[in-house]
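# An overview of the molecular structure
Listed here are the chains, written in short residue letters.
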Amino acid sequence: MRRPMVAGNWKMHGTRASVAELIDGLCKQVFPAGVDVAVFPSMLHVSQVVEGLAEGVVVVGAQDCATESQQGALTGEVASSQLHDARCELVLVGHSERRILLGESDEVVVRKFAAAQSSGLVPVLCVGETLAQRQAGETLAVVASQVSAVIGALGVEVFDRAVIAYEPVWAIGTGLTASPEQAQEVHAAIRERLAKCDAVLARKVRILYGGSVKAVTATELFGMPDIDGGLVGGASLNADEFGAICRAAGS
Ligand code: PEP
C-alpha cells in the first residue's frame, strides 16, 4: 500500500507577509494522519516556512536545485546540500515551467535528480506532455522517455527514494484537469515503464497527479488505482483549499 502525498508548489508567489498568512492558515488545518503533506515555497521563503511549520506535520521542499550538490562558484544557484542544511526534505526537478520556459533538458534534470539524492533530499521528478504532443498521440512516449532518461543514467533503483509527478503541461495553471481516466492511463504507463526494470519497486513508487487540482476534483482523481496524491499549484496558495485536497487524499 502506497502512502498518499499531497504537495503544494507555491511557484514564484509570496511576500514575507503573505507567506506568514499562509503558514498561519496551514497551522489551522487538520491534516489526515495517513497522508504525507509538503509545500514548496520560493527559495527566498524556504527558511521562513521551515521555521513557521516546525511544530506541524507539513514538510518543506524546494522548487529546484543546482546540478551540483556542493557549494561553490555558481552565481544565483542553490546547491542541494544547502537545501538540506536549510532543512528541506524534497526538491522538485524537471517542472515543465523550467523544462519549457528555461530550456532544462533531460540531461540537466538527471543531474539535479542525482544531486538531490546525494544530499539526502527526495527528488520529485515532474514529467508530462504538451497539448501538441497529446494531440499527436505522443503522450505515453513522451512521458516514458522523461522517466527513461533518469533510469538510463542512474538506474531504476534511484526511484526507491524518489517521487514522480505526472503533470500534463496543458493542464497546469489553465483550469483544465485531465480526467481521472486520462490521468490513470498515464500513471499506469509510468508504473509499467518502471516495472520493466523492477516490478517490486514499481509497485512502491508514488506517482502524483498535477494540473489544476482542486478540492472538487481531487477525490475522484485520487481514487484511481495508480494515482497516489497530487502536486498542487494555484490551489495550494489557499490554505483551506489545500487542506481540503489533503483530506481528499486521506479519504
Ligand atoms: C504545478 O505547477 O505544479 C501545478 C500543478 O499547477 P496548477 O495546480 O496551478 O495547475
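The structure this text deals with has already been given above.
A few points on the structure. (Residues numbered from 1 in each chain as written. Predicted model: local features only at pLDDT ≥ 70, side-chain atom pairs only at ≥ 80, totals over all residues. Heavy atoms only, no water.)

Helix and strand content of the chain: 11 helices and 8 strands. Judged by the C-alpha coordinates and their principal axes, the chain covers about 45 × 45 × 35 Å. By residue count, 52% of the 251 residues in the chain fall in the buried class. Restricting the contact set of the chain to residue pairs at least 6 apart, pairs at least 24 apart contribute 72%. Taken as a whole, the chain presents about 11,200 Å² of accessible surface, with 54% of it coming from carbon and sulfur. In the chain, the 20 positive side-chain charges and the 28 negative ones have mean positions that sit 2 Å from each other. (Helix = DSSP H or I, 4+ residues; strand = E, 2+ residues; numbered from the N terminus. Buried < 20%, exposed > 50% of the residue type's maximum accessible area, 1.4 Å probe, protein only. Contact = heavy atoms within 4.5 Å. Areas by Shrake-Rupley, 256 points an atom, 1.4 Å probe, with all protein chains shown as cover. Lys, Arg positive; Asp, Glu negative; His and termini not counted. Charge placed at Lys NZ, Arg CZ, Asp CG, Glu CD.)

Lys11, Glu167, Gly173, Ser212 and Gly233 are the nearest of the 14 residues found near the ligand. Interatomic distance of 2.8 Å between a backbone N/O atom of Gly233 and an oxygen atom of the ligand. Against a free-state accessible area of 290 Å², the protein chains account for coverage of 96% of the ligand. Looking at the shell around the ligand residue by residue, the classes come out as 4 nonpolar, 8 polar and 2 charged. (Near = heavy atom within 4 Å. Polar contact = N/O pair within 3.5 Å; in protein donor to acceptor, adjacent residues only side chain to side chain. Nonpolar A, V, L, I, M, F, W, Y, C, P; charged D, E, K, R; others polar.)

In this section: the sheet that holds strand E4 (residues 90–93). Read once around its circumference, the closed barrel built from 8 strands follows the order E1-E2-E3-E4-E5-E6-E7-E8, with strand pairing classed as parallel. Neighbour-to-neighbour, the strand axes of the sheet open up by a mean angle of 25 degrees, direction not taken into account. Across 5 bridges, strand E1 (residues 5–9) lies against strand E2 (residues 36–40) in parallel orientation. By the bridge assignment, Asn9 is partnered in E2 with Phe40. The sheet strands contacting helix H7 (residues 139–154) are strand E5 (122–127) and strand E6 (163–166), and the helix crosses E5 at an angle near 155 degrees. Of the strands in this sheet, E1, E2 and strand E8 (229–232) are in contact with helix H11 (residues 239–249), which crosses E1 at around 160 degrees. (Pairing = 2+ DSSP bridges. Axes fitted to C-alpha atoms, helices over the stretch in contact; angles between N-to-C directions.)

The next subject is the pairing of E4. Side chains Leu90 and Leu92 of E4 all project onto a buried face; the interleaved residues Val91 and Val93 project onto the opposite face, where all are buried too. In terms of strand pairing, strand E3 (residues 59–62) meets E4 through 2 bridges, oriented parallel. Bridge pairing in E4 links Gly61 to Leu90. Across 4 bridges, the pairing between E4 and E5 is parallel. By the bridge assignment for E5, Val91 is matched with Pro123.

For E2, the tally of buried residues reaches 4 of 5 residues, placing the bulk of the element in the interior. Once you follow E1 into helix H1 (residues 16–27) and on to E2, the crossover reads as right-handed. In this sheet, E3 lies alongside E2 in parallel orientation, the contact comprising 2 bridges. In the strand pairing of E3, Val39 is matched with Val60. The parallel pair E2 and E3, bridged by helix H2 (residues 46–52), forms a crossover whose chirality is right-handed. (Right-handed = clockwise from strand over helix to strand, strands pointing away.)

Where empty space is left in the structure can be found by rolling a water-sized probe over the atoms. In this structure, the largest pocket spans a volume of roughly 520 Å³. Residue contributions to the lining of the largest pocket peak at 3 residues, all from helix H4 (residues 96–101). (1 Å grid on protein atoms, 1.4 Å probe; cavity = no way out; pocket = protein on both sides within 12 Å on 5 of 7 lines; lining within 4 Å. Points joined across faces, edges and corners; volume = space filled by probe spheres on them.)

Before going further, it helps to examine the packing of helix H5 (residues 106–118) against H7. Remark: H5 packs on H7, axes separated minimally by 10 Å, with the N-to-C direction vectors making an angle of 55 degrees. The angle between the axes of H5 and H7 places the two elements in the oblique class. In this structure, the crossing between H5 and H7 has a hand that is right-handed. Judged by residue contacts, Asp106, Val110, Phe113 and Ala114 of H5 engage Ser145, Gln146, Ala149, Val150, Ala153 and Leu154 from H7. Of the residues that constitute the contact of H5 with H7, the class distribution is 7 nonpolar, 2 polar and 1 charged. (Parallel < 35°, antiparallel > 145°, perpendicular 65-115°, else oblique. Left-handed = near helix turned anticlockwise from the far one by under 90°.)

By themselves these figures say nothing about function.
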